Amino acid sequence: MSSLPEFFAQYGPLVGQGLVDTMAMLLASTAISYVFGIVLGVVLYVTTPGGMHPMRILNAVLGWVVNIARSIPFIILLVTAFPLTRALVGTTTGVAGVIPPLVLSTTPFVARMVEQSLAEVPRDSIEAAVACGASLPRVVFSALLPEALPSIVRGVSITLIAVLGYTAIAGAVGAGGLGDIAIRYGYYRYEDEVMIFTLVLIIVVVQVIQSTCDAVVKRIDHR
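Calculation notes
Residues numbered from 1 in each chain as written. Predicted model: local features only at pLDDT ≥ 70, side-chain atom pairs only at ≥ 80, totals over all residues. Heavy atoms only, no water. Helix = DSSP H or I, 4+ residues; strand = E, 2+ residues; numbered from the N terminus. Buried < 20%, exposed > 50% of the residue type's maximum accessible area, 1.4 Å probe, protein only. Contact = heavy atoms within 4.5 Å. Salt bridge = Lys/Arg side-chain N within 4 Å of Asp/Glu carboxyl O. Core = buried A, V, L, I, M, F, W, Y, C linked by side-chain atoms within 4.5 Å. pLDDT = per-residue confidence, 0-100. Polar contact = N/O pair within 3.5 Å; in protein donor to acceptor, adjacent residues only side chain to side chain. Phe/Tyr/Trp six-rings, centres within 6.5 Å; stacked < 30°, edge-to-face > 60°. Axes fitted to C-alpha atoms, helices over the stretch in contact; angles between N-to-C directions. Parallel < 35°, antiparallel > 145°, perpendicular 65-115°, else oblique. Left-handed = near helix turned anticlockwise from the far one by under 90°. Nonpolar A, V, L, I, M, F, W, Y, C, P; charged D, E, K, R; others polar. Expected span 1.5 Å × (residues − 1). Bend = angle between axes of the 7 residues up to and from the residue.

### Re the overall build of the protein
Along its length, the protein carries 9 helices and 0 strands. The order of α-helices and β-strands along the protein, N terminus first, is α-α-α-α-α-α-α-α-α. The principal-axis extents of the C-alpha atoms in the protein amount to approximately 70 × 40 × 25 Å. Here the protein, with 223 residues, has 40% of them falling under the buried criterion. Nonlocal contacts in the protein, meaning residues at least 24 apart in sequence, comprise 72% of its contacts between residues at least 6 apart.

### A word on the pattern of salt bridges
Tallying each qualifying case throughout the model produces 2 salt bridges. The closest approach of N and O atoms between Glu115 and Arg112, which form a salt bridge, is 2.6 Å. Here Glu115 and its partner Arg112 are both found in helix H5 (residues 94-119), 3 residues apart, which amounts to about one turn of the helix. Notably, a salt bridge pairs Asp180 with Arg184, separated by 2.9 Å at the nearest N-O pair. On the criterion of helical spacing, the pair formed by Asp180 and Arg184 is a turn pair, its members being 4 residues apart in helix H8 (residues 177-188). Since its relative accessible area comes to 11%, Asp180 is described here as buried.

### Details of the nonpolar core
Among the nonpolar cores identified, the biggest contains 18 residues, and Val42, Tyr45, Leu118, Ile126, Val140, Leu144 and Leu145 are the most heavily contacted of them. Elements represented by at least two residues in this core include exactly helix H1 (4-47), H5, helix H6 (123-131) and helix H7 (136-170). Per-element tally for this core: the top contributor is H7, with 7 residues. Ranked by size, the runner-up nonpolar core spans 15 residues in total, among them Leu26, Leu164, Val205 and Cys213.

### Brief notes about the confidence of the model for the protein
For the protein, mean pLDDT is 87; residues scoring 70 or higher make up 98% of the total. Of all the helices and strands in the protein, H6 carries the lowest mean pLDDT, 75, while helix H2 (residues 56-71) carries the highest, 93.

### Here's the deal with the side chain of Ser29
As for its position among the elements, Ser29 is in helix H1. At 2.5 Å, the side chain of Ser29 forms a polar contact with the backbone oxygen of Met25.

### Here we look at the packing of aromatic side chains
Applying the stated criterion across every chain yields a total of 1 aromatic pair. Pairing Phe74 with Tyr166 gives two aromatic rings, centres 4.8 Å apart and planes at 15°, and the pair type is stacked. Of this pair, Phe74 sits in helix H3 (residues 74-80) while Tyr166 sits in helix H7; the two residues are 92 residues apart in sequence, bridging distant segments of the chain. For Phe74, a relative accessible area of 5% puts it in the buried group.

### Considering the packing of H2 against H5
Viewed as axis vectors pointing N to C, H2 and H5 meet at an angle of 125°, and their least axial separation amounts to 8 Å. By the angle between their axes, H2 is oblique relative to H5. Crossing angle aside, the handedness with which H2 passes H5 is left-handed. From H2, Gly63, Val66, Asn67, Ala69 and Arg70 reach across to H5, where they touch Pro108, Phe109 and Arg112. Across the contact of H2 with H5, the residue classes break down as 4 nonpolar, 2 polar and 2 charged.

### Comments concerning H7
Counting along an α-helix, one turn takes 3.6 residues, and residues three or four places apart therefore face a common direction. Its 35 residues place the ends of H7 only 40 Å apart at the C-alpha level, less than the 51 Å of an ideal helix rising 1.5 Å per residue. For H7, the principal kink sits at Leu149 and spans about 55°; a proline, Pro150, occurs within the next four residues.

Printed below as a string of structure tokens:
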């Protein structure tokens, strides 16, 4: 077993680049997923029967699509989406090559969590905005989303941790990142030290994500 200085001298640059790649995949795909997921979640909530603007057919179709997308295991979606990924970013490997399937897999998950967060908003807040003559978009942006923000931020931590697991899976098909390093060095080459160190790094990243999101929720939740 090599000493710590020897380990860092040999594997430090490799693991450092893996961490950078993992964070790039994680943050980019999650940010894009929330852009689409919030829109989908709002539409699902608003158009539900008994909602602010019921549209039964649209709600049913969107719900059906979201449920099917959530049902597909990520590794299958990753491989199936290769033609789309290549068309969008020109490659199916590396950081860029894994972001489209990550977005496809994460967006439906985010949409359902946002829908649930919006459903937790007290009806009094919505009715007060409607009574003041606010239009539907104004109700959404001035009352609905602000009231649901603490719950949405709690969902961000769950999403980030789930996507972190997806990036490790993507490492199996050449996406790079900590998952790729753990598989190539820890599994195929029997470098146990590398496997353990990458695992510790992933645990640290999870703890940072959870602690950061908890701190943000405490700051913005005034209830």
